[in-house]
Number of protein chains: 2
Amino acid sequence: MPSRSADDDPRLGDVSEGTILRAILARTAPSSHTILGPGDDAAVIRTPSGSVVATTDTLVHGPDFRLAWSGGYDLGWKSAAVNLADIAAMGARPTALLVALAVPRDLRLSFVERLADGLREACEALAPGCAVVGGDLTVSDVLTVAVTALGDLEGRDAVTRAGARPGDVVAVAGELGHAAHGLAVLFGRFRDGDTPVAVDPARLETGERAALAAQLRPAPPIGLGVMASVAGATSMMDISDGLALDAGRLATASDVTLELSRASLGDNPERALAGGEDHALLATFPPDVLPSGFRVIGTVRARGKDGVLVDGAAVSIDGWDPYRDWDSTAG
Amino acid sequence: MPSRSADDDPRLGDVSEGTILRAILARTAPSSHTILGPGDDAAVIRTPSGSVVATTDTLVHGPDFRLAWSGGYDLGWKSAAVNLADIAAMGARPTALLVALAVPRDLRLSFVERLADGLREACEALAPGCAVVGGDLTVSDVLTVAVTALGDLEGRDAVTRAGARPGDVVAVAGELGHAAHGLAVLFGRFRDGDTPVAVDPARLETGERAALAAQLRPAPPIGLGVMASVAGATSMMDISDGLALDAGRLATASDVTLELSRASLGDNPERALAGGEDHALLATFPPDVLPSGFRVIGTVRARGKDGVLVDGAAVSIDGWDPYRDWDSTAG
């Protein structure tokens, strides 16, 4: 991050809305799908195949991130990534983001500049051709980033959660449990009582560094959503609340049971099952199909009593319910 | 509003996310443009003409509304209306809303139910065929409603702010200054020091009642956006920050001067010029064209020193800057 004196870096409450918007817009990139970008009442985005895929996801200071741990760049990146993953999970290609930003007036201008950088670079890295095409800036005591992502199915049907069939394989693409590991590192090591404290990189081992990156700047395999759809995925979703909980949702929507193999879940199967926020893709495929980038973790069976079995046993469905993990907004 | 005992009306922090989502989804209506509605990673909306119009606008408790003055129904209605107006201002027909809701845990379930009712009924009243197709629910100490609206141009070009030409007429559809009058009534009459207090309808005169409705449940002429485009509007925008400020933006984008007539601005021209939040449509038309529902308020001239003149004199551009009107979150 470029260093800048506080004199050069005003608080948002001390500058005009126009100044803030210009700083943000200077950091947006053109989208190859845009007919009309920021600056009018609304944006216009190309949808050559006759439909648009749309999703929205919000990050709120307190329950979803802490400023002591997340910089502006991290927050921008993550707010893009989690929305891109929902578009990918439909088998669609992300085309555009709209960003509704509610900011406290004591926030520094550089923070929203870095947030815009993070949004742009996450799009460039994870979903080339996609960019921020519009947004809204308002004031709030609680920093809130609500992103809406749009995507294009390029003539294909959407891949929903409801199409898994007995005999299909269950597969995932992307990391399982890394983001939760990162959160555990933050909560376990970088806290002073209830107050988050800044991460000291010198105190991190290599594995912890990667886990922290997965938590703060997740890089789900967005392009594999289209690949899975093209290959014939019968169902798909992104894993935002943990594999066990989300696999249960897919099983319910498809009215099947997913039999998973613990040995396929990596070094820490419990964390892979319970940990949220990786935004890996969970999909089912006909038995003879497995696109590159996906790994098999189980099989689809006719619906039994439980939606998800691991090595034949029911798992206690657990996950990322923000109401359960409610916490204060300190830090 | 149906009355309900507190026992039947739990606080959001005491019930599961699923309970809240089911209560909300029970109140959404199908959209005639929807291929896939709520319940999957993303929604899929028809866009037969090959593009989608998209905008986002957020209401934050404190700067944008107060719970002492706005009920859940009002908030849902207004958050839909302000976004529908941005779609209309492009000459597009609204097709779908996505709603990102951040709620304090001490809010009652009935509040979000009424909010969902307000969203649905605003769509039904202002933009038939449009409905909520997706959303996100998260936790925040500050009640925040970020809505994204999508719309369809039905094969027409978007009507931007940039196309006004010397010789065109300047016209508006919808109210000017009523919402600001309503806000003045609230701030002037229903406050105890810095704390908003509930509105007592018995203390309202008829005009005040209408003004309050315009502030809390604005009803901009959404359908006239399409009519204006079909008729040949050369530029258009919605008036969210006051006529003077927004007309100045249109004048700048089009590189013209708008000469307005004070006599055309109703009973209270000052309020019409300065007052925001009516979301009336401001448009320019060739001189021989004026679609029903629009009224002429001026003429487009070649660009002079000022972007907006009223009876030949420059107006001090003033308006609805949330930073300027910053206030606490009491009430």
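Residues numbered from 1 in each chain as written. Chains lettered and ligands numbered in written order. Predicted model: local features only at pLDDT ≥ 70, side-chain atom pairs only at ≥ 80, totals over all residues. Heavy atoms only, no water.

- In the nomenclature of an unreviewed UniProt entry, chain A corresponds to Thiamine-monophosphate kinase from the organism Microbacterium profundi.
- A UniProt comment under Function (unreviewed entry) is attached to chain A, and it reads "Catalyzes the ATP-dependent phosphorylation of thiamine-monophosphate (TMP) to form thiamine-pyrophosphate (TPP), the active form of vitamin B1."
- Turning to chain A, the UniProt annotation filed under Catalytic activity (unreviewed entry) states: "thiamine phosphate + ATP = thiamine diphosphate + ADP". (UniProt positions renumbered as here; feature names shortened; annotations may be inferred.)

### Let's talk about the relation of the copies chain B and chain A
Part 1 of the argument: For the pair chain B and chain A, the relating rotation is 180°, the translation along its axis is 0.0 Å, and the fit reaches an RMSD of 0.0 Å. Look at the turn and shift together and you get a two-fold axis relating the two. When C-alpha positions in chain B are compared against the rotation axis, the closest is assigned to Gly50(B), at 2.8 Å.
Part 2 of the argument: Both copies present the same face, since 100% of the interface residues in chain B are matched by interface residues at the equivalent positions in chain A. (Least-squares fit on C-alpha atoms with pLDDT ≥ 70 in both. Contact = heavy atoms within 4.5 Å.)

### Examining helix 7 (residues 243-254) of chain B
Part 1 of the argument: The first and last C-alpha atoms of helix 7 of chain B sit 16 Å apart over 12 residues, in line with the 16 Å expected at 1.5 Å per residue.
Part 2 of the argument: Every buried residue of helix 7 of chain B is accounted for by Leu243(B), Ala244(B), Asp246(B), Ala247(B), Gly248(B), Leu250(B), Ala251(B) and Ser254(B). (Helix = DSSP H or I, 4+ residues; strand = E, 2+ residues; numbered from the N terminus. Expected span 1.5 Å × (residues − 1). Buried < 20%, exposed > 50% of the residue type's maximum accessible area, 1.4 Å probe, protein only.)

### Points about the pairing of strand 13 (residues 295-302) of chain B
Part 1 of the argument: Bridge analysis of strand 7 (residues 169-173) of chain B against strand 13 of chain B gives four bridges, and the strand direction is antiparallel. Directly across from Val169(B), in strand 13 of chain B, lies its bridge partner Thr299(B). (Pairing = 2+ DSSP bridges.)

### Section: unusual backbone geometry
A negative phi angle is the norm for most residues apart from glycine, just as the trans form is the norm for most peptide bonds.
Residues and elements named next belong to chain A.
Part 1 of the argument: The phi dihedral of Asp311 falls on the positive side, at around 50°, and the residue is not glycine.
Part 2 of the argument: Inspection of the secondary structure puts Asp311 in the loop between strand 14 (308-310) and strand 15 (313-314).
Part 3 of the argument: For Asp311, a relative accessible area of 52% gives the class exposed.

### Quick notes on the UniProt feature "binding site: Mg(2+) 3" (unreviewed entry) in chain A
Part 1 of the argument: Mapped onto the present numbering, the UniProt feature "binding site: Mg(2+) 3" (unreviewed entry) falls on Asp41(A), Asp86(A) and Asp238(A). Spanning 198 residues, the named residues are also spread out in space, since their farthest C-alpha pair is 31.7 Å apart.
Part 2 of the argument: Positionally, Asp86(A) belongs in helix 2 (residues 72-88).
Part 3 of the argument: Among the residues examined, Asp86(A) registers a relative accessible area of 8% and is labelled buried.
Part 4 of the argument: With respect to the element layout, Asp238(A) can be found in strand 10 (residues 235-239).
Part 5 of the argument: A residue is classified by how much of its surface remains accessible, and Asp238(A), at 2% relative accessible area, is buried.
Part 6 of the argument: The residues contacting Asp238(A), other than those within four sequence positions of it, are Ala85(A), Asp86(A), Ala89(A), Asp246(A), His279(A), Ala280(A), Leu281(A) and Asp41(B).
Part 7 of the argument: In terms of polar contacts, Asp238(A) uses its side chain to reach the side chain of His279(A), at 2.7 Å. (Polar contact = N/O pair within 3.5 Å; in protein donor to acceptor, adjacent residues only side chain to side chain.)

### Here we look at the domain arrangement of chain A
Residue and element names in this part refer to chain A.
Part 1 of the argument: The domains assigned to chain A are domain 1 (6-152) and domain 2 (169-314).
Part 2 of the argument: With 22 residues of domain 1 in contact, the opposing surface of domain 2 contributes 26 residues.
Part 3 of the argument: The contact between domain 1 and domain 2 buries some 1,900 Å² in all, and 66% of this surface belongs to carbon and sulfur atoms.
Part 4 of the argument: Here domain 1 is connected to domain 2 by seven residue pairs in polar contact (both at pLDDT 80 or more). (Domains from an automatic or database assignment. Buried area = accessible area lost by both parts, 1.4 Å probe.)

### With respect to the sheet that holds strand 1 (residues 34-36) of chain A
Part 1 of the argument: Ordered by their spatial adjacency, six strands build an open sheet running 1(A)-2(A)-3(B)-6(B)-4(B)-5(B), and the pairing between neighbours is mixed. Edge positions in the sheet fall to strand 1 of chain A together with strand 5 (131-139) of chain B, since each has one partner strand and no second. The sheet shows a mean angle of 25° between the axes of neighbouring strands, direction not considered.
Part 2 of the argument: The pairing of strand 3 (residues 51-60) of chain B with strand 6 (residues 144-152) of chain B spans eight bridges and is antiparallel. Bridged to Leu59(B) within strand 6 of chain B is Val145(B). (Axes fitted to C-alpha atoms, helices over the stretch in contact; angles between N-to-C directions.)

### Examining empty space enclosed by the protein
Part 1 of the argument: In this structure the tally under the stated criterion is four cavities of 30 Å³ or more.
Part 2 of the argument: Taken as a whole, the largest cavity holds about 60 Å³ of empty space.
Part 3 of the argument: Lining of the largest cavity is provided by Thr58(A), Ala100(A), Ala102(A), Thr144(A), Ala146(A), Thr58(B), Ala100(B), Leu101(B), Ala102(B), Thr138(B), Thr144(B) and Ala146(B).
Part 4 of the argument: Sort the elements by how many residues they give to the lining of the largest cavity and strand 4 (residues 93-103) of chain B lands first, with three residues. (1 Å grid on protein atoms, 1.4 Å probe; cavity = no way out; pocket = protein on both sides within 12 Å on 5 of 7 lines; lining within 4 Å. Points joined across faces, edges and corners; volume = space filled by probe spheres on them.)

### Quick word on the pattern of salt bridges
All names here are of chain B.
Part 1 of the argument: By the definition in use, this model includes 38 salt bridges over all chains.
Part 2 of the argument: Asp117 is the partner of Arg27 in a salt bridge, and the nearest nitrogen-oxygen pair spans 3.4 Å. Here the residue Arg27 occupies a position in the loop between helix 1 (17-25) and strand 1 (34-36), and Asp117 occupies one in helix 3 (residues 109-126), the gap between them amounting to 90 residues.
Part 3 of the argument: Across the salt bridge formed by Asp117 and Arg114, the nearest N and O atoms sit 3.3 Å from each other. Remark: Arg114 and Asp117 occur in helix 3; sequence separation between them is three residues, near one turn of the helix. (Salt bridge = Lys/Arg side-chain N within 4 Å of Asp/Glu carboxyl O.)

### A look at the interface of chain B and chain A
Part 1 of the argument: Contact with chain B, which involves 62 residues of that partner, is made by 62 residues of chain A.
Part 2 of the argument: Counting the surface lost from both chain B and chain A, the interface buries some 4,800 Å², and carbon and sulfur atoms represent 60% of this.
Part 3 of the argument: On the surface where chain B and chain A come into contact, there are four salt bridges.
Part 4 of the argument: The shortest N-O distance in the salt bridge between Arg161(B) and Asp41(A) comes to 3.3 Å.

### Topic: the UniProt feature "binding site: Mg(2+) 1" (unreviewed entry) in chain A
Part 1 of the argument: Listed under "binding site: Mg(2+) 1" (unreviewed entry) in the UniProt record, and renumbered for this structure, are Thr56(A), Asp57(A) and Asp136(A).
Part 2 of the argument: By the secondary structure assignment, Thr56(A) is in strand 3 (residues 51-60).
Part 3 of the argument: Leaving out residues up to four positions away in the same chain, Thr56(A) has contacts with Asn83(A), Val147(A), Thr148(A), Leu98(B), Val99(B), Ala100(B), Gly135(B) and Asp136(B).
Part 4 of the argument: Here Val147(A) takes part through its backbone oxygen, which lies 3.1 Å from a polar atom of the side chain of Thr56(A).
Part 5 of the argument: Once you skip the residues sitting within four places of it in the chain, Asp57(A) turns out to touch Val82(A), Asn83(A), Asp86(A), Val145(A), Ala146(A), Val147(A) and Asp136(B).

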